[in-house]
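# Remarks on the overall topology
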Amino acid sequence: MAKMGTLKYRLVQNQNEHQPEAYKKWYIRAVQDRTLSFDDFVQHMADHNSPYSRGVIHGVLIDMLACLQELILDGKSVRLGELGLISLGISSKGVASVKDASVSEQVKGVHLLVRNTKTWSNAELRKLCKIEELEKNAVEKEEEEPTP
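A quick note: this is a predicted structure, and the numbers were derived from the prediction, not measured.

### Examining the overall build of the protein
When helices and strands are counted, the protein shows five helices and six strands. If you take every contact in the protein between residues at least 6 apart in sequence, the share linking residues at least 24 apart comes to 39%. Accessible surface computed for the protein: about 11,900 Å², of which carbon and sulfur atoms make up 55%.

Following this line, the structure appears as structure tokens:
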């Protein structure tokens, strides 16, 4: 079974007036308190009783990332075991009819998709994490700050 973790959050007020149903409402948003570098991640793996050195782990992961990028850019999905299925997605604007369709006009962006598996399902992840506020009294501090 996976180790229990702590998912940190902040309360954030929606300031988008173009979303009337959400405008000025407060939402809980996940935040990370630290970003590990690739080298930090490699060292973390090496420190977990791995028979492989930092160098071997680093080399294998660098090769994996290069191959993963090559495959997904070629329109393939790649299943990484229990982590999930990785592929590319497109964000686009809708048009009224097929004859109005245009890649240059409709595509807003391309993004990475990770579809999780049973072990990494949303329900399983929720069971494995305690949720706590990143910074106590963050709401009060945010409300005290003058708006620019």
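Moving on from the coordinates now.
### Re the sheet that holds strand S2 (residues 26-31)
The sheet built from three strands is open, its strands ordered S2-S1-S6 with mixed pairing. Of all the strands in the sheet, just S2 and strand S6 (129-133) have a single pairing partner and so form its edges. The average undirected angle you get between the axes of adjacent strands in this sheet is 40 degrees. By the bridge criterion, five bridges tie strand S1 (residues 5-13) to S6 in an arrangement that is parallel. Paired with Leu-7 across the strands is Ile-131, a residue of S6.

### Describing the sheet that holds strand S4 (residues 84-92)
Read across the sheet, three strands follow the order S3-S4-S5 without closing on themselves; strand pairing throughout is antiparallel. Of all the strands in the sheet, the pair left with one neighbour each is strand S3 (78-80) and strand S5 (107-115). In this sheet, neighbouring strand axes are inclined to one another by 30 degrees on average, regardless of whether the strands run parallel or antiparallel.

### Side note on the side chain of Thr-117
Along the polypeptide, Thr-117 turns up in the loop between S5 and helix H4 (122-127). One polar contact links the side chain of Thr-117 to the main-chain carbonyl oxygen of Glu-82, over a distance of 2.5 Å. With residues up to four places along the chain from it excluded, the contact list for Thr-117 reads Arg-79, Gly-81, Glu-82, Leu-83 and Gly-84.

### Topic: helix H2 (residues 54-73)
Over its 20 residues, H2 extends 28 Å from the first C-alpha to the last, a length consistent with the 28 Å expected when each residue adds 1.5 Å. Within the sequence span of H2, burial applies to Ile-57, Leu-61, Leu-68 and Ile-72. Along the axis of H2, the buried residues cluster in a sector spanning 30 degrees; they form a single face. Opposite its buried face, H2 presents the exposed residues Gly-55, Asp-63, Glu-70 and Leu-73, each directed more than 90 degrees away.

### Structural notes on the pairing of S1
Pairing geometry for S1 and S2, over six bridges, is antiparallel. Bridging across to S2, Tyr-9 finds its partner in Ala-30.

### Side note on unusual backbone geometry
Even without glycine at this site, Lys-24 takes up a positive phi of about 70 degrees. With respect to the element layout, Lys-24 can be found in the loop between S1 and S2. Of the residues examined, Lys-24 reaches a relative accessible area of 41% and is grouped as partly exposed.

### Structural notes on the packing of helix H1 (residues 38-47) against H2
Where H1 meets H2, the axes come as close as 9 Å, and the angle between the chain directions of the two elements is 125 degrees. Considering the angle they form, H1 stands oblique to H2. Every pair of crossing elements has a handedness; the one defined by H1 and H2 is right-handed. The residues of H2 that touch H1, namely those facing Phe-38, Asp-39, Phe-41, Val-42, Gln-43, Met-45 and Ala-46, are Arg-54, Ile-57, His-58, Leu-61, Ile-62 and Leu-65.

Calculation criteria
- Residue numbers here run from 1 along each chain, matching the order of that chain's written sequence.
- Given that the model is predicted, a residue must reach a pLDDT of at least 70 before its local features are reported, and side-chain atom pairs must reach 80 or more before they are shown or counted; all residues, however, enter totals for whole chains, interfaces and linings.
- Calculation of side-chain values draws on the structure's entire complement of heavy atoms; hydrogens and water are dropped beforehand.
- Helix numbers and strand numbers start at the N terminus; a helix is a DSSP run of H or I with at least 4 residues, a strand a run of E with at least 2.
- Any two residues whose heavy atoms approach within 4.5 Å are treated as being in contact.
- Exposure was quantified through the Shrake-Rupley algorithm and a 1.4 Å probe, taking into account, for residues, occlusion by the shown protein chains and nothing else.
- Here a strand pair is declared whenever DSSP counts at least two bridges between the two strands.
- Axes here refer to lines fitted to C-alpha atoms; in helices the fit is confined to the stretch in contact. Angles between the N-to-C directions go from 0 to 180 degrees.
- Whenever two N or O atoms come within 3.5 Å, that pair is a polar contact, provided that in protein one can donate a hydrogen and the other can accept it, and provided that, for residues adjacent in sequence, both atoms are side-chain atoms.
- To estimate how far a helix should reach, multiply one less than its number of residues by 1.5 Å.
- To sort residues, take the accessible area from a 1.4 Å probe on protein chains only and compare it with the maximum for the residue type: under 20% means buried, over 50% means exposed, and anything in between is partly exposed.
- For this quantity, the arc is that covered by the directions from the helix axis to the C-beta atoms.
- Orientation is classified from the angle alone, with under 35 degrees giving roughly parallel, over 145 giving roughly antiparallel, 65 to 115 giving roughly perpendicular, and any other angle giving oblique.
- A clockwise turn of the near helix away from the far one marks a right-handed crossing, whereas an anticlockwise turn of less than a right angle marks a left-handed crossing.

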